[in-house]
Structures are given as structure tokens and as C-alpha cells.
Amino acid sequence: MRPPPHILVVNGIKVRRPVFVLAAPHSGADLLARALKRSPGFHVTMGRAAVAHVVYAFARRPSIAGRGMGATRVLRDAMAESWQIVPGACEECPAPCREAGGVTGAGPCVASGSVARFGDASPDLLYSASVLLQAFPDARFVQLIRDGRDVAADMLADPAALTWFKPAMLSDETEFPNPFLGVSSGEHRERWKAMPTAGKCALRWRSAVRLAASLHQELPRAQLLTLRYEDLVASPAKATGELSDFLETRVPKIALLGGNMPRVGVWHTRLRGQDAELVAKVAREELTRLGYVPSP
């Protein structure tokens, strides 16, 4: 049974049907957030410290997210803090959020009088999806899926992503199963530590898309939309049209266009030799299920 609705008011605006973007790393969440930030009436944040602190606490220690209304209140309060529209607020935003909002000064990136809906596309928000649903029962969730081989290739080139793969991440206090790192049992601790980084990237992607699949069982159909990154690239007008219908707003396709959009199929040139073989081996089941490789 869901908790009774909680009316959250931010800057005098009632938070109704907030939108949360869920994705594995390097799967296009930032591009979708840019489009939403440039949609009429939306105030969308990405990676604000208040939210990131809670999201990564839940991701690294899944049991925290299961602590009932306490976890719900913590995450709801973090979102409320992140969505505050005050002078200088954008100074605390990470670069991708500032760029997406076209912010060059202190901000804020929106005027409170123009905001009707809120949203968030913070990295790794996927691991807080169940708590977000409890905190905002009328929320809309948009999840992005991208070829795991391309994801691994981009992760290997991203120093920030690689910091999560240090051996110290699996300490004696680590909880299992650990969807964030893709490790199902404490018995696999040493195997994970010895695994090449490409394999760890594949594990993170595999675990993320499995979690994304489970959301179809947890979330009502009217509240969840799944898009493929490859469709955003190939047919931005169709993808934004589908998103516009789902959110009952106008999402501009122009926001998805530009030279910074990661290409489809980059793994062919950037993921070579043993790395390519390892990613394919670790992620084969999910790559096949999602149609990225043909069934054997």
C-alpha cells in the first residue's frame, strides 16, 4: 500500500507530477535533461549536492533505501532543497546542469513565476527509484537504455566514472547484493577486485538495465516511459514526440541536437581486444535480451 499523498511546496509552487530521468552511466540522461530543462514550465536539476549525497548513500547501501518513511522524507527534502529557486542557486550546480540550462552567471536558471513542474536527472538516480515513487506517488519516470558496449567504452574514458572501481569500494561494510557495482554476493568480492576495469563497467551496466527492467513490474504503465538512446540519435523528432505525449507537454527536439552527442557504435573503435571480449561476455545476456546482439 502506498503512503498517503504528501503535498510538497517549493517556492510557493505545489510539486505535481515531477519527472525523474533514470539511466545507467553514459546512457543519455544528460541529453534528455537538457531537453526537459528547455521545455515550457519545467525546472530540472542534475547532480545538485543535496540530491547526490542521498542518492549515493542509497546506491552504496541499499538497506538505507528500505527504511520506510524515513528514507522517503530524506529524499523528498533533498529534492526540495535542490529545486529551490534563489539567487546564486546555479553556482552550486555541476557543469552539465549549468550548460544544459544555458547558465553563464550565478542564476537562477529559471524564474519562479514560469515554473509549473519539477524534475531531476541526477546521475545514478535509478537506484532511488522505489523511494522516489513513495515520496512522489504521482511522479513520471523516463528511463534510457543504451548499448552496454558503448556505455563501457565511454565509462573507460571518464575519470569520474572510474573512481567507483577502486578496490576500496568493496570494503568490509559493503552490503550485498550491491546493484550499484553489479556484485551479487560477498563471495565475489575478490573476483570483482581482480577484474579488469572493462569488466566492472559491464557489470555496472548489466545491473542497471536489470534494475530498469524490474521497474516495469513496480511502476504503473502510465508513469514509466522507456526510450533507447539510439532512437534519440536516429529520430530525435519521434523520440521527443513520444516524450511530449507521455509528459503532456512540448519537449523541443532541437535540444537533443548538437556536436556533443555521443555517437552510436563507438565501441567498435574504442573497445578492443580483451576488453571487448570481456564486456561481451559479462553483458551478453542483457545485450541479447535488449536486441543489441542477435540471439545465438
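For the structure, check the block above.
Residues numbered from 1 in each chain as written. Predicted model: local features only at pLDDT ≥ 70, side-chain atom pairs only at ≥ 80, totals over all residues. Heavy atoms only, no water.

Asks: Before we go on, may I ask you to explain the packing of helix 7 (residues 148-156) against helix 14 (residues 273-289) in this structure?
Replies: What describes two packed helices is the angle between their axes and the distance between those same axes. Across the interface, helix 7 lies against helix 14 with an axial gap of 9 Å and an inter-helix angle of 135 degrees. By the angle class used here, helix 7 and helix 14 are oblique. You can see that helix 7 and helix 14 cross each other, and the crossing is right-handed. Mapping the contact onto sequence places Gly 148, Arg 149, Ala 152 and Leu 156 in helix 7 and Asp 275, Val 279 and Leu 287 in helix 14. (Axes fitted to C-alpha atoms, helices over the stretch in contact; angles between N-to-C directions. Helix = DSSP H or I, 4+ residues; strand = E, 2+ residues; numbered from the N terminus. Parallel < 35°, antiparallel > 145°, perpendicular 65-115°, else oblique. Left-handed = near helix turned anticlockwise from the far one by under 90°. Contact = heavy atoms within 4.5 Å.)

Asks: Just checking my understanding: could you explain the pairing of strand 3 (residues 19-23) for this structure?
Replies: It is a general feature of regular strands that their side chains alternate between the two faces of the sheet. The buried fraction of strand 3 is high, at 5 of 5 residues. Neither face of strand 3 is exposed, since Val 19, Val 21 and Ala 23 on one face and Phe 20 and Leu 22 on the opposite face are all buried. The pairing of strand 3 with strand 5 (residues 117-120) spans 2 bridges and is classified as parallel. Residue pairing in the sheet places Phe 20 in a bridge with Asp 120 of strand 5. Pairing between strand 3 and strand 6 (residues 140-145): 5 bridges, direction parallel. Bridge pairing links Leu 22 to Gln 143 in strand 6. (Buried < 20%, exposed > 50% of the residue type's maximum accessible area, 1.4 Å probe, protein only. Pairing = 2+ DSSP bridges.)

Asks: Sorry if this is basic, but what is going on with the layout of surface pockets here?
Replies: Approximately 800 Å³ is the volume attributed to the largest pocket. Looking at the lining of the largest pocket, the elements with two or more residues in it are strand 3, helix 1 (29-37), helix 5 (95-100) and helix 8 (159-162). Residue contributions to the lining of the largest pocket peak at 4 residues, all from helix 1. The residue makeup of the lining of the largest pocket, split by class, is 20 nonpolar, 6 polar and 8 charged. In this model, the second largest pocket occupies a volume close to 230 Å³. Of all the secondary structure elements, the ones that give two or more residues to the lining of the second largest pocket are strand 6, helix 10 (197-218), strand 7 (224-228) and helix 12 (236-247). Of the residues forming the lining of the second largest pocket, the biggest block, 4 residues, is contributed by helix 10. (1 Å grid on protein atoms, 1.4 Å probe; cavity = no way out; pocket = protein on both sides within 12 Å on 5 of 7 lines; lining within 4 Å. Points joined across faces, edges and corners; volume = space filled by probe spheres on them. Nonpolar A, V, L, I, M, F, W, Y, C, P; charged D, E, K, R; others polar.)

Nothing here speaks to function; it is geometry throughout.
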